[in-house]
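# Notes for the structure review
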Amino acid sequence: MKNKELNIPPVPAVLLAIISVQCGAAIAKTLFPAIGAAGTASIRIGVSALILLLAYRPNLKQVKPNQWKIVVPYGLCLGVMNLTFYLAIERIPIGLAVTLEFVGPLLLAIIGSKRLIDYCWVLLAATGIALIAPWSNDTIDIVGVLFALLAGAFWATYIILGGKVSKIMHGGQAVATGMLFASLLILPFGFYENGLANLTPKLFGYGVALALLSSAIPFTLEMKALGQLPPRTFSILMSLEPAAASICAFLFLQEKLNFYEILAVICVVSASVGATLTAKR
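Residues numbered from 1 in each chain as written. Predicted model: local features only at pLDDT ≥ 70, side-chain atom pairs only at ≥ 80, totals over all residues. Heavy atoms only, no water.

This part takes up the overall build of the protein. Looking only at helices and strands, the protein features 11 helices and zero strands. Listed by position from the N terminus, the elements making up the protein come as α-α-α-α-α-α-α-α-α-α-α. When its C-alpha atoms are laid out on the principal axes, the protein stretches across 50 × 45 × 35 Å. Every one of the 281 residues in the protein was classed for burial, and the buried ones make up 49%. Sequence separation of 24 or more characterises 89% of the internal contacts of the protein that already satisfy a separation of 6 or more. With the model as given, the accessible surface of the protein reaches about 14,000 Å², and the carbon-plus-sulfur share is 68%. Of the side chains in the protein, 19 bear a positive and 11 a negative charge, and the two mean positions are spaced by 16 Å. (Helix = DSSP H or I, 4+ residues; strand = E, 2+ residues; numbered from the N terminus. Buried < 20%, exposed > 50% of the residue type's maximum accessible area, 1.4 Å probe, protein only. Contact = heavy atoms within 4.5 Å. Areas by Shrake-Rupley, 256 points an atom, 1.4 Å probe, with all protein chains shown as cover. Lys, Arg positive; Asp, Glu negative; His and termini not counted. Charge placed at Lys NZ, Arg CZ, Asp CG, Glu CD.)

Summed over all chains, the structure comprises six aromatic pairs. Between the aromatic rings of Phe-85 and Tyr-86, the centroid separation amounts to 6.2 Å while the plane-to-plane angle is 45°, which identifies the pairing as tilted. Owing to a relative accessible area of 10%, Phe-85 belongs among the buried residues under this scheme. Seen from their ring centres, Phe-259 and Tyr-260 are 5.6 Å apart, and the 75° between their planes marks the pair as edge-to-face. Overall, the relative accessible area of 56% leaves Phe-259 in the exposed class. Here the aromatic residues Phe-32, Phe-85 and Tyr-86 are joined through ring pairs into a cluster of three or more. (Phe/Tyr/Trp six-rings, centres within 6.5 Å; stacked < 30°, edge-to-face > 60°.)

On to unusual backbone geometry, then. Within the chain, Arg-57 stands out as a residue other than glycine whose phi angle is a positive 45°. With respect to the secondary-structure elements, Arg-57 resides in the loop between helix 1 (10–56) and helix 2 (65–89). The phi dihedral of Gln-254 falls on the positive side, at around 55°, and the residue is not glycine. Within the secondary structure, Gln-254 sits in the loop between helix 10 (241–253) and helix 11 (259–278). The exposure class assigned to Gln-254 is exposed, which follows from its relative accessible area of 54%.

Keep in mind these numbers describe shape, not what the thing actually does.
Structural data, given as structure tokens:
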């Protein structure tokens, strides 16, 4: 997409990217009854891979061995991250899943720190998790919570691998190649769950919309913003994702959070913003 076709200031671009991703998550959840979480992940990742491969046309023959060693794990991590997140929102509200998933990048940002203020942010995030922990059998689904935390761990790993692959490959080609391997990993799960056997033209159309909202559109918007915003400002804006997820899930899926769950979202968002503001430059 040419720059003149996307004349959006960086801050609105990030906010639109966040809304796009969370609207995509809402669409994904509506597909679960028909094709399952794995089938939905397969459609999203498969279509996203096709879009990115057509857009960036990476020459796989020119990829060097040292690049393969990073881009393949990067793509596999991307695939598992998406699959585990969908398995999480199949069982728990989207807002809570994103809140729990966000703990991974938050811990990554302050890991190894010996400053007291960083321990305070960890404690605040832990308080948020404690507020929604399934302490009894009639509370939130423990399997969904574990899937969301696992998605967060893969998100943190994805960030590390993404940083490495960006130093040795062009960004667009790296993402397109990584998404190819993500689709090769996840597609068998979609067939195993038999969700893809129920695919209809209408459902496939929703899958294309999902791929655009969750990958193509936000990727374009974020790349534009990253070129104009300081990393700290970008990180603060991205910290709003759990709140945006809760709002989108309420508007599109009527998923309501109780008082403690809302407090949990506030705790994690505050911890993420605080960690970003107080991070060493």
